[in-house]
Amino acid sequence: MPTSIPLDYYLILSAVLFVTGVVGVITRRNAIIIFMSIELMLNAVNLSMVSFSAFSGDIAGQMFVFFIMAVAAAEAAVGLAIVLALFRKRQTIYVDEINVMKW
Amino acid sequence: MSDFNIQVLLFAIFAIGAVATALLTITRRNPVSSAMNLVAHFFMLSGLYLTLHAQFVAAVQVLVYAGAIMVLVVFVIMLLNLGREQQAAETGSMLRNVTGAAIALVFVLMLTLTFVGKPTGLNVLPQKAIEIGTVESIGQSLFTEYLFPFEAVSLLLLAALIGAVVIARRHNPS
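It should be emphasised that the depicted structure is a prediction, and the values quoted were computed from it without experimental measurement.

Asker: Just give me the short version of unusual backbone geometry, but keep the residues and values in it.
Answerer: Not every positive phi belongs to a glycine, and Gln91(A) is a case in point at roughly 60°. Mapped onto the secondary structure, Gln91(A) falls in the segment after α3 (60-90). You will see that His53(B), though not glycine, has its phi angle at about 65°, which is positive. Within the element layout of this structure, His53(B) appears in the loop between α2 (31-51) and α3 (55-80).

Right, dumping it as structure tokens:
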């Protein structure tokens, strides 16, 4: 039996990366950097999916990662289009200056 | 050097690299350097996928994330062309930073308690892990068991494509 890095280490790493993404979303004001933090979180989840998949010998986890990547690509296209449209209208991408939908 | 030592070394390099580039991504003032760090982060994750024998996912990670998505992000950053004064306007508010730090602390505590108290006990990669990560096996199940979601995703991508064009289009007042 080949020894390897335990699953726990991958999960801890994935959780640390996820928290980094959460902190990025909370502390930053720039919409594009918030968007990149969301990508960080998606990738952290992908990492735990792949590690579970590899350690349980089941392909389902890696299929999920494939679909998550497709959805992330769609999200990137639409999200950045929204940022672009917003910038054209308001000349800003700082989320606390965009408050028309806040009450 | 034994096989296990090489694995530990690779994991350490990629894990530390991934955490460092993630932290740089969320702390850089300039969005372009954030984006470059995120590209490096995706390469580190790709390396981690390779340590798990997930070759297909590792390749797609580089192609889709580091290639397509990040090009789009950098393209939008260039298109917005933020002035110097707008970059300088990014100042952290106290409340936001304290909330961020508190959340990070709570999560790290939760993690430590979960994994230190109850390890999963999965310390050995099964032999099957090497077989399922290949392009052949992924393609095999993508076109049999997962055919319907695969086709549905193509529809989703088409919808996103059209949606992005419609949203980002310049509206003529005529």
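Asker: Could you give an account of the nonpolar core, with specific residues and numbers?
Answerer: Residues Ile32(A) and Met36(A) are the most contacted members of the largest nonpolar core, which totals 74 residues. The residues contacting Ile32(A), other than those within four sequence positions of it, are Val83(A), Ile93(A), Val73(B), Val76(B), Ile77(B) and Leu80(B).

Asker: Explain the interface of chain B and chain A residue by residue, including any values.
Answerer: If you look at the interface, chain B gives 83 residues, while chain A gives 74 residues. Summing both sides of the interface, chain B and chain A together bury roughly 7,100 Å²; the carbon and sulfur share of this comes to 75%. Here chain B and chain A share zero salt bridges between them. Across the chain B-chain A interface, the total number found is six residue pairs in polar contact (both at pLDDT 80 or more). Elements supplying a minimum of two residues to the side of chain B that touches chain A: α1 (3-27), α2, α3, α4 (84-88), α5 (94-117), α6 (128-132), α7 (135-142) and α8 (147-168) of chain B. Ranked by residue count, the leading element in the side of chain B that touches chain A is α3(B), at 13 residues. Taken together, the residues of the side of chain B that touches chain A break down into 56 nonpolar, 20 polar and seven charged.

About the criteria used
- Residues numbered from 1 in each chain as written.
- Chains lettered and ligands numbered in written order.
- Predicted model: local features only at pLDDT ≥ 70, side-chain atom pairs only at ≥ 80, totals over all residues.
- Heavy atoms only, no water.
- Helix = DSSP H or I, 4+ residues; strand = E, 2+ residues; numbered from the N terminus.
- Core = buried A, V, L, I, M, F, W, Y, C linked by side-chain atoms within 4.5 Å.
- Buried < 20%, exposed > 50% of the residue type's maximum accessible area, 1.4 Å probe, protein only.
- Contact = heavy atoms within 4.5 Å.
- Buried area = accessible area lost by both parts, 1.4 Å probe.
- Salt bridge = Lys/Arg side-chain N within 4 Å of Asp/Glu carboxyl O.
- Polar contact = N/O pair within 3.5 Å; in protein donor to acceptor, adjacent residues only side chain to side chain.
- Nonpolar A, V, L, I, M, F, W, Y, C, P; charged D, E, K, R; others polar.

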